[in-house]
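A structural walkthrough
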Amino acid sequence: MIDFKHVTKVYEPKITALKDVSVHIDKGEFVFVLGHSGAGKSTFLKLMLREEKATKGEVIVNGYNLSKIKERDIPYMRRTLGVVFQDFRLIPNLTAYENIAFAMRVTNIDEKEIKRRVPYILNLVGLAGKRDKLPAQLSGGEQQRVALARALVHNPDLVIADEPTGNIDPQLSLEIMELLKAINSTGTTVLVVTHEHELARRYARRVIEMRHGVIVNDTTVGRAGVR
Ligand code: ADP
């Protein structure tokens, strides 16, 4: 599912953001990637999305070897994962429905399928009643749910949430975590990137902790120590 094999990432001129990182995440896992600012979390994420390339080592995501992938295959690889960005990245002049439909249209999914799937996904995230609202007419938590719905359009094998509790209040972060748990219970791998220890402790089955570009801990609840 996700395999990092001895991955090093050096940003020019000389900043080593990841140092010889090896980690494997299986299908169906619920994983937290935890670390302070500067630990290398975003770099880890960018390598998985192939927004950055590893300086050394191999990154394999959903069967794609990202060190060898052809440019034209990158969009296909990205469809196997859904990302909820911290700043949501919704299109401000499109309604909740249209934001999700747009994500499907750009990948050439036909209108019939869009009409079938968008209401289903909106319902899944509890936003059926808000389908015609613009992002500015939605609360932070609701915007995040639109972003989550959009991440689910391609029925991805893996959902990544980048600092999902960063822009919303504690009650809403509880809700979003419950949604992620529900998504995980259908067999989808969920990876949550966060700097919040408390969040990881509360929900995690597995916590991968990064510090200064290395994994310092990889713990599954009920099992201590580095895997
Ligand atoms: P985190 O997401 O955990 O805060 P990052 O992956 O963003 O960590 O950063 C890891 C290290 O790499 C930091 O020292 C950061 O300053 C550096 N870094 C990140 N992106 C770049 C970049 N594009 N160019 C140079 N240095 C970078």
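Residues numbered from 1 in each chain as written. Predicted model: local features only at pLDDT ≥ 70, side-chain atom pairs only at ≥ 80, totals over all residues. Heavy atoms only, no water.

Moving on, we come to the site of the ligand. If you check the shell around the ligand, you find Y11, I15, A17, H36, S37, G38, A39, G40, K41, S42 and T43 and nothing else. Between an oxygen atom of the ligand and a main-chain N or O atom of G38, the distance comes to 2.6 Å. In the environment of the ligand, an oxygen atom lies 2.5 Å from a nitrogen or oxygen atom belonging to the side chain of T43. If the ligand stood free it would expose 560 Å²; the protein chains cover 64% of that surface. Element by element, the count of residues in the shell around the ligand is highest for helix α1 (residues 41–49), at three residues. Grouping the constituent residues of the shell around the ligand by class yields four nonpolar, six polar and one charged. (Near = heavy atom within 4 Å. Polar contact = N/O pair within 3.5 Å; in protein donor to acceptor, adjacent residues only side chain to side chain. Areas by Shrake-Rupley, 256 points an atom, 1.4 Å probe, with all protein chains shown as cover. Helix = DSSP H or I, 4+ residues; strand = E, 2+ residues; numbered from the N terminus. Nonpolar A, V, L, I, M, F, W, Y, C, P; charged D, E, K, R; others polar.)

Right, let's talk about the pairing of strand β3 (residues 30–34) for a bit. Summarising burial for β3: five of the five residues are buried, a large majority. Where burial is concerned, the two faces of β3 agree: the one with F30, F32 and L34 and the one with V31 and V33 are both buried. Judged from the five bridges that link them, β3 and strand β8 (residues 189–194) form a sheet pairing that is parallel. The partner of F30 across the bridge, within β8, is V190. (Buried < 20%, exposed > 50% of the residue type's maximum accessible area, 1.4 Å probe, protein only. Pairing = 2+ DSSP bridges.)

Domain annotation of the protein chain identifies domain 1 (1–80 + 156–227) and domain 2 (90–154). The C-alpha-based centres of domain 1 and domain 2 are spaced at 24 Å. With 11 residues of domain 1 at the contact, the number on the domain 2 side is 11 residues. For the domain 1 and domain 2 pair, buried surface summed over both sides reaches about 980 Å², with 71% attributable to carbon and sulfur atoms. Sorting the residues of domain 1 by area buried against domain 2 places R79, P156 and L179 first, and these three jointly supply 47% of that buried surface. Here domain 1 and domain 2 share zero salt bridges between them. At the junction of domain 1 and domain 2, the tally comes to one residue pair in polar contact (both at pLDDT 80 or more). (Domains from an automatic or database assignment. Contact = heavy atoms within 4.5 Å. Buried area = accessible area lost by both parts, 1.4 Å probe. Salt bridge = Lys/Arg side-chain N within 4 Å of Asp/Glu carboxyl O.)

So, about the sheet that holds strand β4 (residues 56–61). A sheet is described by the order of its strands in space; here four strands give the open sequence β2-β1-β4-β5, paired in antiparallel fashion. Two strands close off the open sheet at either side, each with one partner strand: β2 (15–25) and β5 (64–65). Strand direction decides the pairing type here: β4 and β5, joined by two bridges, are antiparallel. Within the sheet, the bridge partner assigned to I60 lies in β5 and is N65. Strands β1 (2–11), β2 and β4 of the sheet are contacted by α1, whose axis makes an angle of about 115° with β1. (Axes fitted to C-alpha atoms, helices over the stretch in contact; angles between N-to-C directions.)

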